[in-house]
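Spelled out, the chains give:
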Amino acid sequence: MKTIVKIIALTVLATNVLSIAFADAETNGTYLKVLQASNNIQDAIQTLPAVEKLWPQEPEAYSKSVNQAFQMFRTDLDNPDVRQAFLNLYASMMRKSCPTNEGQGIFWIELKRDIISNGLNLDEIRNNKSQGVDIAKFTGEIRSRIILNYSNQGGMLSISMPGHPEIIKKLVDENERKKITDNFQSTLRATDQMLVSILRDYSSRFPSSNPTNANFIKQISDAAHLTVEEREKL
Amino acid sequence: MALYFGSTLPTNALWSTTAGGLKFASGSTNLFTAPSNAATATITVQVFGKSVSKTFKVVEPSGIDHAVIAATNNILAFPNLTNGQAGAEMLLNIYFAPTEVSFYRVNIMEVGEDGSNITGYFSQWTPQQLHHTSADHWTTLNQANEMNDTCAELDPSPWSSGGFTWDIPSRWQVDGSGATNFLNGWNQVFSIDGSGTVTIVKDNHWVQRTTNGVITTK
């Protein structure tokens, strides 16, 4: 751990690193490598195999490492090496499911949504039906975790219980946990809207009026758990 | 706010804004985050050299518009009160003004202060012991500019008449922006009488509860 602290002290990203220090030294080391590669995309590409090893044991470290790499790659997608690294990262993310922990899930879903949005700039993804099916599967996964008619459970607390600060602390902690669920459900709903619009975009490029596309449209409709009304709009 | 095209694009769209932030510089979809202060933001998207712009007027929250009492017992965030206990609870749905715009993803925070105007029964505690300890946490508004506020009090016996006040400074921020802004504050007043009847006043509403569970509101 001392070694890691020394490395952190030497990097300009120290504040960022300290705020996301992971318990396991190896996990910390991998995340650090990605951060330290922020000025050199080739170095970042080299770290990806180590990043992959963080999954599934360290979903938070994995997500934050992928995000760091993604933010570098997305600015240089005309570079063939970077483009391929991005496509590998994209494919890897699409194979993985959302962490069960809702707090980690919020970051994960927003990251995956952003990677998809950027991926759609690339012909390899835009014009590939199987990529559309993968996005539909992600939509289905999102929908499976949406609680219908959900209303926020957390909120502001204005509670006085003189002489019992420990009970108030317990209530506050529970309320903060509920807010995470509220944010998770909000993220799910916002992401669902965006993904459905992306699927509509796919379906307009592969219209079901062409018999060769009919199966594709059915596949994405089923995988995304689209409603009858939504299917009619494809 | 999500931005996307209703139909397919044959090429990448290039996005820009005069205020606030866009998640991406290019692509078929985007996410716009309003600036953390009042401003006019013009979002422009360019496709094949042709551009389309849309201007949004961004306004700041000006304070509480109104509040509605949603419940006075069995509130999720507070233990149930039973007969013989001196306490009251009131779940308020608070709406922030102006209501003709959406403050979705705006966070509101009450700042915790010590108790003030302490009289009678409550004088057995110091202002610090009557501190608003459940404050200092952000709560996110929904698309209707609304959030819940659980107002509650539970007082140990023996009872006598008394009261105290929380003066409540408040803050707002755009979720994720980090910038914190001031909002006109409000207060919450607690009181009790010698029979253990408790009254809480907040946001032009009050709830009163006797020790045998009779609840009155306004």
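Keep in mind the model is a prediction, meaning the values are calculated, not measured.

The rules behind the values
Residues numbered from 1 in each chain as written. Chains lettered and ligands numbered in written order. Predicted model: local features only at pLDDT ≥ 70, side-chain atom pairs only at ≥ 80, totals over all residues. Helix = DSSP H or I, 4+ residues; strand = E, 2+ residues; numbered from the N terminus. Buried ≥ 20, exposed ≤ 12 C-beta atoms within 10 Å, placed from the backbone. Contact = placed C-beta atoms within 7 Å. Pairing = 2+ DSSP bridges. pLDDT = per-residue confidence, 0-100. Domains from an automatic or database assignment.

In terms of helices and strands, chain A carries twelve helices and one strand. Split into buried and exposed, the 234 residues of chain A put 35% on the buried side. Sequence-distant contacts, at least 24 apart, represent 64% of the contacts inside chain A between residues at least 6 apart.

With that settled, the discussion passes to the pairing of strand β12 (residues 146-155) of chain B. Most of β12 of chain B is tucked away, with nine of its ten residues classed as buried. Relative to β12 of chain B, strand β1 (residues 156-160) of chain A runs parallel, the two sharing five bridges. In the sheet register, Ser-158 of chain A faces β12 of chain B, and the bridge partner there is Cys-151 of chain B. As paired elements, strand β8 (residues 86-97) of chain B and β12 of chain B share ten bridges and run antiparallel to each other. From the neighbouring strand, Leu-91 of chain B faces β12 of chain B, where its bridge partner is Thr-150 of chain B.

Moving on to the confidence of the model for chain B. For chain B, mean pLDDT is 92; residues scoring 70 or higher make up 98% of the total. At the level of chain-chain contacts, confidence expressed as ipTM amounts to 0.87, with global pTM at 0.81.

To continue, consider the domain arrangement of chain B. Frequently, the measure chosen for interface size is the accessible area that the parts lose on association. Each assigned domain of chain B is listed with its residue range as follows: domain 1 (2-58) and domain 2 (63-217). Spacing between the C-alpha centres of domain 1 of chain B and domain 2 of chain B amounts to 40 Å.

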